Structures are given as C-alpha cells and as structure tokens.
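# Working through the structure, step by step
Residues per chain, in single letters:
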Amino acid sequence: MLPTNIITSARKYRENGVFRLQGVFGLLTLLNRLGVPQPTLLRTYRALIRQDKL
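Calculation criteria
Along each chain, the written sequence defines residue order, and numbers are assigned to residues from 1. Reporting of local features is limited, given that this is a predicted model, to residues whose pLDDT is at least 70; pairs of side-chain atoms are given and counted only at 80 or more, and all residues count toward the totals for whole chains, interfaces and linings. Heavy atoms from the whole structure form the basis of all side-chain values; hydrogens and water molecules are not counted. Scored from 0 to 100, pLDDT records how confident the predictor is in each individual residue. Helix and strand assignments come from DSSP, with helices taken as H or I runs of at least 4 residues and strands as E runs of at least 2, each series counted from the N terminus. Two N or O atoms count as a polar contact when they lie within 3.5 Å, although within protein this holds only if one can serve as hydrogen donor and the other as acceptor, and sequence-adjacent residues are included solely when both atoms are side-chain atoms. Lines fitted to C-alpha atoms define the axes, with helix axes restricted to the stretch in contact, and inter-axis angles between N-to-C directions lie between 0 and 180 degrees. Oblique is the label for any angle not under 35 degrees, not over 145, and not in the 65 to 115 range, which are roughly parallel, roughly antiparallel and roughly perpendicular in turn. A clockwise turn of the near helix away from the far one marks a right-handed crossing, whereas an anticlockwise turn of less than a right angle marks a left-handed crossing. We call two residues in contact when some of their heavy atoms are within 4.5 Å. Put simply, a nonpolar core is a bunch of buried Ala, Val, Leu, Ile, Met, Phe, Trp, Tyr and Cys residues held in one set by side-chain atoms that sit within 4.5 Å of each other. Buried means the residue's accessible area, taken with a 1.4 Å probe over protein chains only, is under 20% of the maximum for its type, while exposed means over 50%, and partly exposed covers the values in between. The span one expects for a helix is its residue count, reduced by one, times 1.5 Å. The directions from the helix axis to the C-beta atoms form the arc being described.

## Comments concerning the confidence of the model for the protein
Taken residue by residue, the protein gives an average pLDDT of 89. The fraction at 70 or more is 94%. Ranking the helices and strands of the protein by mean pLDDT puts helix α2 (residues 18-33) first, with 96, and helix α1 (residues 10-16) last, with 88.

What follows is the structure in structure tokens.
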C-alpha cells in the first residue's frame, strides 16, 4: 500500500476502456501475488495496454 494518493492519467482509460483496464490491473495483481517476476509483469502490461507513450 502506498502512503499517499496517486494520480493516474485519464488517457489510459479513454484508450483502453474502464473495464478492460481494470481487468488488466486485476490480472497483474493476481500474477504478482502468485510470484510472477516483475520483468514478466512489465511485458504483460505492455502487451495488454494500448498506449502510445510506452
């Protein structure tokens, strides 16, 4: 848990949709809790999120 609030870009939500983006975040959280290494999580994130600036 972070000690403070974070700010996120609405651009990701516009490009991916709310349900898709939350689903990807849920999947990444599950994979993280299952012990999947961070480099794999990053590759998965980049493969699933539509974003021009990555």
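## Some details on the side chain of Asn16
Inspection of the secondary structure assignment puts Asn16 in helix α1. Within the local environment of Asn16, its side chain forms a polar contact with the backbone oxygen of Lys12, the two atoms lying 2.9 Å apart. One polar contact links the side chain of Asn16 to the main-chain amide nitrogen of Arg50, over a distance of 2.7 Å.

## A closer look at the packing of α2 against helix α3 (residues 38-48)
The N-to-C vectors of α2 and α3 enclose an angle of 165°; their axes lie 11 Å apart at closest approach. Taken as axis vectors, α2 and α3 run roughly antiparallel relative to one another. The crossing of α2 and α3 is right-handed. On the side of α2, the interface is formed by Arg20, Val24, Phe25, Leu27, Leu28, Leu31 and Asn32, while α3 contributes Leu41, Thr44, Tyr45 and Leu48.

## Re the nonpolar core
In this structure, Leu21, Val24, Leu28, Leu41, Tyr45 and Ile49 together form the largest nonpolar core, which totals 6 residues. Elements with a contribution of two residues or more to this core: α2 and α3. The element contributing the most residues to this core is α2, with 3 residues.

## A short note on the environment of Thr29
Residue position: Thr29 is located in helix α2. Of the residues examined, Thr29 reaches a relative accessible area of 40% and is grouped as partly exposed.

## Digging into α2
Helix length check: α2 (16 residues) gives 23 Å between terminal C-alpha atoms against 22 Å at 1.5 Å per residue, within 8%. Considered for burial, the residues of α2 that qualify are Leu21, Val24 and Leu28. Angular distribution of buried residues about the axis of α2 spans 60°; they occupy a single face of the element. Turned more than 90 degrees from where α2 packs its buried face, Phe19 and Arg33 sit exposed. Against the buried residues of α2 lie α1 and α3. Immediately beyond the C-terminal end of α2, within one or two residues, lies Gly35, with a positive phi of roughly 95°.

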